[in-house]
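Coordinate analysis (summary)
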Amino acid sequence: MATTKTTKKTAGAAKTTKAAGAAKTTKAAGAAKTTKAAGAVKTTKAAGAAKAKAAGATKAASAARGTKNASGDGGAFEALRSILQRHARDLVVVHDTPDNYYLDTRTTAPNGKPLFFGAARAGRAYTSFYLMPVYTNPELLGGISPELKKRMQGKSCFNFKTREPALLDELEALTGRCFEQWKSAGRIG
C-alpha cells in the first residue's frame, strides 16, 4: 500500500491529500471541510451555523418565558442600550443589533476615523458598557459609588450580569456628564 502526501499552501489556503488514508482537508477563507472515506465524517461551516441558530432559538424561548432577555442578562442590555439611545440624536449609530449598540461621534480622531463615544454589548457571561469619555477624562469618574467602581474593568468598561436599577441610574448620570463634557470640548458637534 503506497502512501502519497501532497501539501499546498497559497494565500491562507491549505490543502492536504492522502491516498492511503483517503482523507482530504480543505481550508479557505474561513470555511472548513473534512471528509473521511471510512468514517464518512463531514464538517462544514453550515453545521456550525445550525448550532448557532439552535442556541439563538433557546435564548428566544427564554425571553418569551419572561425570565431573561434574548441576551440572557435579565434586561441589563436593554437598560444600557437605552442610556446610550438618549444621546443618539447627536451621535452616529454604527451598530444596532440585538446584542450590540455602538455610537461614534461625528468628530474625526487623530487616526482619521470617527471618535468612539460608547457602546453596550451583550456577551456570554455579562453585558459590557463602554464609555470613552471616562478614558480620555478620568476626572469624570470622581464621585462614583464604590459599587459602580467594582463594575469597572479597565479604564472605560463597566460589566453587568443583571439589571441593577441603582447602578444603572448612576451610570446614566455619568453618561450624561460625559456627553456634556465632550460637547463643550467640541468633540460632539
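As shown above, the structure is provided for reference.
Residues numbered from 1 in each chain as written. Predicted model: local features only at pLDDT ≥ 70, side-chain atom pairs only at ≥ 80, totals over all residues. Heavy atoms only, no water.

Describing the nonpolar core
Threshold: Side-chain atoms within 4.5 Å link the members of a nonpolar core, which is a set of buried Ala, Val, Leu, Ile, Met, Phe, Trp, Tyr and Cys residues. Between buried and exposed lies partly exposed: a residue is buried under 20% and exposed over 50% of the maximum accessible area for its type, with that area taken using a 1.4 Å probe on protein chains only. Where helices and strands are cited, they refer to DSSP runs of H or I of at least four residues and of E of at least two residues respectively, numbered from the N terminus. Every residue pair with non-hydrogen atoms within 4.5 Å of one another is taken to be in contact.
If you look at the biggest cluster of nonpolar residues, it comprises 33 residues, and the most contacted ones within it are Leu80, Phe117, Phe129, Phe158, Phe160, Leu171 and Leu174. Of all the elements in the fold, those that place two or more residues in this core are α2 (76-85), β7 (100-108), β8 (114-122), β9 (127-131), β11 (157-160) and α5 (165-184). With seven residues, the top contributor of residues to this core is α5. Each residue touching Leu171, except ones within four places of it in the same chain, is listed here: Leu80, Ile83, Phe129, Leu148, Phe158 and Phe160.

Thoughts on α2
Within α2, seven of the 10 residues are buried, which leaves it mostly tucked inside the rest of the structure. All buried positions along α2 are accounted for by Ala76, Phe77, Ala79, Leu80, Arg81, Ile83 and Leu84. The inward-facing, buried residues of α2 contact β6 (92-97), β7, β8, β9, β11 and α5.

Let's talk about the pairing of β6
Just so we agree on the cut-off: DSSP calls a pair of strands paired once it identifies at least 2 bridges connecting them.
In the sheet, β6 pairs with β7 via five bridges, with the strands oriented antiparallel. Note on β7: the bridge partner recorded for His95 is Tyr102. In sequence, β6 turns back onto β7 through a hairpin of two residues.

So, to be careful, I would describe these as geometric facts and stop short of saying anything about function.
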